[in-house]
Amino acid sequence: ISQCRRGEACAVMAQVADRVWGLRERYRARTIVEELQGQEEGEEMPEMEFLVATAKLLIECSQDDALFAERAAELLQDLLLDDDENIELWYLLGVVAL
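A quick note: this is a predicted structure, and the numbers were derived from the prediction, not measured.

1. Details of the overall build of the protein chain
Across its full length, the protein chain carries 5 helices and 0 strands. Traced from its N-terminal end to its C-terminal end, the protein chain shows the element sequence α-α-α-α-α. The buried share among the 98 residues of the protein chain stands at 33%. Considering only contacts in the protein chain between residues 6 or more positions apart, those separated by 24 or more positions represent 58%.

2. Looking at the pattern of salt bridges
In the structure shown here, the tally under the stated rule is 6 salt bridges. Between Asp-64 and Arg-6 there is a salt bridge, with its nearest N and O atoms 3.6 Å apart. A residue pair is termed long-range when its members are at least 10 positions apart, and Asp-64 in the loop between α3 (48–61) and α4 (66–82) and Arg-6 in helix α1 (residues 6–28) qualify at 58 residues. Under the relative-accessibility criterion, Asp-64 is labelled exposed at 52%. Arg-71 is the salt-bridge partner of Asp-18, the closest N and O atoms lying 1.9 Å from each other. Of this pair, Asp-18 sits in helix α1 while Arg-71 sits in helix α4, and the two are 53 residues apart along the sequence.

Reading the values: the criteria
Residues numbered from 1 in each chain as written. Predicted model: local features only at pLDDT ≥ 70, side-chain atom pairs only at ≥ 80, totals over all residues. Heavy atoms only, no water. Helix = DSSP H or I, 4+ residues; strand = E, 2+ residues; numbered from the N terminus. Buried < 20%, exposed > 50% of the residue type's maximum accessible area, 1.4 Å probe, protein only. Contact = heavy atoms within 4.5 Å. Salt bridge = Lys/Arg side-chain N within 4 Å of Asp/Glu carboxyl O.

Right, dumping it as structure tokens:
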């Protein structure tokens, strides 16, 4: 986005958001047996910092398309399920709501 190629950046962010959301859904749908056996190779969950950065970039892309704001809000709400005391998540959710 900093290279003034917002359209390309937002297209990539849409792909990243789809992939992240798919990983999070698979992670949440795991059974206890699967959890005890560990995650499959290549199916590791991204770190919280990456997910927050993804949400921030989605918010930035929302200036062009409101769908990005919805996706950022969904991701942030999902992250709040893991850590509802994270101030940055609440702040970003407020920014999305504006």
